[in-house]
Amino acid sequence: MPYLTSAKAGTPKAGVGIGFGVPGLAHPLVAPGEWAQLARPGTPLHWVVLDVAAGPGVRPDPLCREAAGRLRGAGTRVLGRLDTAFGARPLGELTSEAHRYADWYRVDGFLLDRCPSGQAELPGTRHTVAAVRAIRDDAHIVLGHGIHPHPGYAESADQLATFRGPWSDYHWSQAAEWTADHPPERFCHLVHGVPRAHLDEALLIARRQGAATVYFTDRTDGTARAGGTTGAGGTGTAGGIEGLVDPWETMPGYWDDIVSRIGTGVSE
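Undergrad: How do you make sense of the overall build of the protein chain when you look at a structure like this?
TA: Scanning the protein chain for helices and strands turns up seven helices and eight strands. When burial is assessed residue by residue, the protein chain has 50% of its 268 residues classed as buried. For the protein chain, long-range pairs separated by at least 24 residues make up 77% of all intrachain contacts whose partners lie at least 6 apart in sequence.

Written as structure tokens, this is what we have:
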């Protein structure tokens, strides 16, 4: 991987307040208790992604509107998920979905999921970000690369998701050298399959790599079962891959534990 950090660049950064970025849950009809948990006072949330039906859907969903309203009332940003298909989707489709999210759910910004990461696609992504920012001037924009993109992407968004994947990869991951030029609040890491026994280690990795927004879960990708539940987008897929269960659709079994750890901090 290019731009790998030196030991100096990878040292922990003092004063970083880690919080959660929740990449999406199952529909509130399927997981009402989990949506209610997110709205509890004192939960260290930076944002929660709302994915109604692989996007905003074709009509307003009253349960999703109610869930988003509770979170926004508790002071948490709600982001609409826009699937860029790695830059393949037309701008008109994305802006139409962004308008529906804004009109129906009053979202505070957008996650541009499956965002391209190469230099060649950078101008197109900048154009897309500018178009959705025009819908809401103060929109919080997260680019969901899942890997370290070309450094130029940091100029376009509020945050970059520079890791999205399993604990087996995260455990050995390294931050790109250029990320040391930006504060930790610019980066988020989304990791599934994290065992409870390794929560402290995962939090330390995030701090050392300079990511202030995290989401760790013990849920994993798995083969979809016939008749099984689907994710918030109703697709029953993980990251757009048919046949895989979305590890983000249910909250981790150790949710209360990790909330308390982040609330009290993790020692070095």
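Undergrad: Please explain the pairing of strand β2 (residues 45-50) as it appears in this structure.
TA: On a regular strand, each side chain points to the face opposite its neighbour's, so the side chains alternate between the two faces of the sheet. With five of its six residues buried, β2 lies for the most part within the structure. Once the chain exits strand β1 (residues 19-22) it traverses helix α1 (residues 32-38) before rejoining the sheet at β2, and the crossover so formed is right-handed. For β2 and strand β3 (residues 77-83), the ladder comprises four bridges, and the chain directions are parallel. Opposite Val48, over in β3, you have Val78 as the bridge partner.

Undergrad: Can you walk me through the pattern of salt bridges in this structure?
TA: A pair can form between side chains of opposite charge whenever their charged atoms are brought close. For the coordinates displayed, the defined rule picks out 18 salt bridges. Between Glu155 and Arg126 there is a salt bridge, with its nearest N and O atoms 3.1 Å apart. One end of the pair, Glu155, is in the loop between β5 (140-144) and β6 (159-166); the other, Arg126, is in helix α4 (residues 122-133), with 29 residues separating them in the sequence. Asp138 serves as the salt-bridge partner of Arg136, at 2.6 Å between the closest nitrogen and oxygen. Linked through salt bridges whose partners overlap, the residues forming this network are Asp51, Arg81, Asp83, Asp113, Arg114 and Arg164.

Undergrad: Would you take a moment to explain the packing of aromatic side chains for this structure?
TA: In this description, an aromatic ring pair is defined by two values, namely the gap between the centres and the angle between the planes. Counting across every chain of the model gives nine aromatic pairs. Arranged with centres 6.0 Å apart and planes meeting at 50°, the rings of Tyr170 and Phe216 form a pair that is tilted. Residue Tyr170 is found in helix α5 (residues 167-170), and its partner Phe216 is found in strand β8 (residues 213-217); the two are separated by 46 residues along the sequence. For Tyr170, a relative accessible area of 0% corresponds to the buried category. Each member of the aromatic cluster is reached from another via a ring pair, and the members are Phe20, Tyr215, Trp248 and Trp255.

Undergrad: Honestly, the environment of Trp172 in this entry has me stumped. Any pointers?
TA: Position of Trp172 relative to the elements: it lies in the loop between α5 and β7 (187-192). Put simply, Trp172 and Ile205 are 33 residues apart on the chain and 9.4 Å apart in space, counted from C-alpha to C-alpha. Of note is the side chain of Trp172, whose polar atom sits 3.4 Å from the side chain of His171.

Undergrad: What am I meant to see in the packing of helix α3 (residues 91-105) against α4 here?
TA: Packed helix pairs are characterised by how far apart their axes lie and by the angle those axes make with each other. Look at α3 against α4: their axes get within 10 Å of each other, and the N-to-C directions meet at 30°. Taken together, α3 and α4 sit at an angle that is classed as roughly parallel. For the pair α3 and α4, the crossing hand works out as right-handed. Within the contact between the two elements, α3 uses Leu91, Leu94, Thr95 and Ala98 and α4 uses His127, Thr128, Ala131 and Val132.

Undergrad: What's the story with the pairing of β7 in this structure? I'm lost.
TA: Burial analysis of β7 places six of its six residues in the buried class, which makes it a mostly covered element. Covered by surrounding structure in β7 are Phe187, His189 and Val191 together with Cys188, Leu190 and His192, the residues of both alternating faces. Where β7 meets β8, five bridges bridge the pair, whose relative direction is parallel. Of the residues in β8, the one forming a bridge with Val191 is Phe216. Regarding topology, helix α6 (residues 199-208) serves as the crossover connection from β7 to the parallel β8, and that connection is right-handed.

Conventions used here
- Residues numbered from 1 in each chain as written.
- Predicted model: local features only at pLDDT ≥ 70, side-chain atom pairs only at ≥ 80, totals over all residues.
- Heavy atoms only, no water.
- Helix = DSSP H or I, 4+ residues; strand = E, 2+ residues; numbered from the N terminus.
- Buried < 20%, exposed > 50% of the residue type's maximum accessible area, 1.4 Å probe, protein only.
- Contact = heavy atoms within 4.5 Å.
- Right-handed = clockwise from strand over helix to strand, strands pointing away.
- Pairing = 2+ DSSP bridges.
- Salt bridge = Lys/Arg side-chain N within 4 Å of Asp/Glu carboxyl O.
- Phe/Tyr/Trp six-rings, centres within 6.5 Å; stacked < 30°, edge-to-face > 60°.
- Polar contact = N/O pair within 3.5 Å; in protein donor to acceptor, adjacent residues only side chain to side chain.
- Axes fitted to C-alpha atoms, helices over the stretch in contact; angles between N-to-C directions.
- Parallel < 35°, antiparallel > 145°, perpendicular 65-115°, else oblique.
- Left-handed = near helix turned anticlockwise from the far one by under 90°.

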